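Structure assessment
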Amino acid sequence: MDGGIRYDDSFLSQCCCRCSRPLVPLDIVITAVAQPKFSPPSIDAALHRPRLFDRLSAYADARLTLILGQAAQGKSVLAATWLAAAKRPFAWINLDGGDRDPGNFFRSLVQALAPHLSETDVAYLTALPAVSVDPGGEPNYDKFIAPLRERLTRDLHIVVDD
């Protein structure tokens, strides 16, 4: 069924006293669809939120913008609809458990940025370790981020969706 998962909803079809009255329509299907790693969520029926769009637009040139809120409040859809409406170039990463490792996250970042890089072969970038340690023992991320920055063909927004 479209790659989704059908959950057993039979427990919803009977009243608590086990009579024949359904609590909810019997045709309810809950479908879990895996979000592609480098794609924003679908925005087909997104709610237009002009006040939040205005706030995002006010900070469009900021180096970092955080959209914070509780789970399932529409943060990802807000970012996707704003980027689409503003016609802004972007790279999107949907984080998963593997991205806790800096090396995996760096490879995900390279893959997300690949369409925006001046070179089409980025295999050597994914082979770079994501982190080195300088003589003082501090992580040095810039050594590996710099090659990415140098190869970007334009400014863009990078969305890291958790």
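No experiment lies behind these values; they were computed from the predicted model shown. Counting from 1, residues in each chain are numbered in the order their sequence is written. Side-chain atom pairs in this predicted model are given and counted only at pLDDT of 80 or more, local residue features only at pLDDT of at least 70, and totals for whole chains, interfaces and linings cover all residues. Each side-chain value is worked out from all heavy atoms of the structure, with water and hydrogens disregarded.

1. A look at the overall build of the chain
- Helix and strand assignments come from DSSP, with helices taken as H or I runs of at least 4 residues and strands as E runs of at least 2, each series counted from the N terminus. Check the secondary structure of the chain and you find five helices and four strands.
- If you list the helices and strands of the chain from N to C, you get α-α-β-α-α-β-β-α-β.
- Note on contacts: a residue pair qualifies if any of its non-hydrogen atoms lie within 4.5 Å across the two residues. Sequence separation of 24 or more characterises 61% of the internal contacts of the chain that already satisfy a separation of 6 or more.

2. A look at the side chain of arginine 151
- Relative to the helices and strands, arginine 151 resides in helix H5 (residues 142-151).
- Excluding residues within four positions of it along the chain, arginine 151 makes contact with His116, Leu117, Ser118, Glu119, Tyr124 and Leu125.

3. Thoughts on the nonpolar core
- We define the nonpolar core as a collection of buried residues of types Ala, Val, Leu, Ile, Met, Phe, Trp, Tyr and Cys that are connected through side-chain atoms lying within 4.5 Å of one another. Think of it in three bands: with a 1.4 Å probe and only protein chains considered, a residue is buried below 20% of the maximum accessible area for its type, exposed above 50%, and partly exposed in between. Counting 13 residues, the largest nonpolar core has Val110, Leu113, Leu117, Leu125 and Leu148 as the members making the most contacts within it.
- Ranked by the residues each element gives to this core, the list is headed by helix H3 (residues 102-113), at five residues.
- Ala60, Leu78, Leu83 and Trp92 belong to the second-largest nonpolar core, a separate cluster that totals 10 residues.

4. Some words on the packing of helix H1 (residues 50-58) against helix H2 (residues 75-86)
- Angular values range over 0 to 180 degrees, each being the angle between N-to-C directions of two axes fitted as lines to C-alpha atoms, with helices fitted over their stretch in contact. One way to put it is that H1 packs onto H2 with a least axis distance of 10 Å and a crossing angle of 70°. The angle between H1 and H2 places the two elements in the roughly perpendicular class. Between H1 and H2 lies a crossing whose hand is right-handed. Contacts between H1 and H2 involve Leu52, Phe53, Leu56 and Ser57 on the former and, on the latter, Leu78, Thr81, Trp82 and Ala85.
- Put simply, Ala, Val, Leu, Ile, Met, Phe, Trp, Tyr, Cys and Pro go in the nonpolar bin, Asp, Glu, Lys and Arg in the charged bin, and everything else, Gly too, in the polar bin. Its residues placed into classes, the contact of H1 with H2 shows six nonpolar, two polar and no charged. When describing relative orientation, an angle under 35 degrees is termed roughly parallel and one over 145 degrees roughly antiparallel, while 65 to 115 degrees is termed roughly perpendicular and anything else oblique. A crossing counts as left-handed when the near helix is turned anticlockwise from the far one by less than a right angle, and as right-handed when that turn is clockwise.

5. Thoughts on the pattern of salt bridges
- By definition here, a salt bridge exists when the distance from a side-chain nitrogen of Lys or Arg to a carboxyl oxygen of Asp or Glu is within 4 Å. Going through the model one piece at a time under the given rule, you end up with three salt bridges.
- For lysine 37, the salt bridge identified is with aspartate 96, shortest N-O distance 3.3 Å. With lysine 37 in the segment before H1 and aspartate 96 in the loop between strand S1 (90-94) and H3, the pair connects residues that are 59 residues apart, well separated along the chain.
- What makes aspartate 96 partly exposed here is its relative accessible area of 43%.
- A salt bridge links arginine 151 to glutamate 150, with the shortest nitrogen-to-oxygen separation between them at 3.8 Å.
- With a relative accessible area of 18%, arginine 151 lands in the buried category.
- Via salt bridges that share partners, Lys37, Asp96 and Asp99 belong to a single interconnected network.

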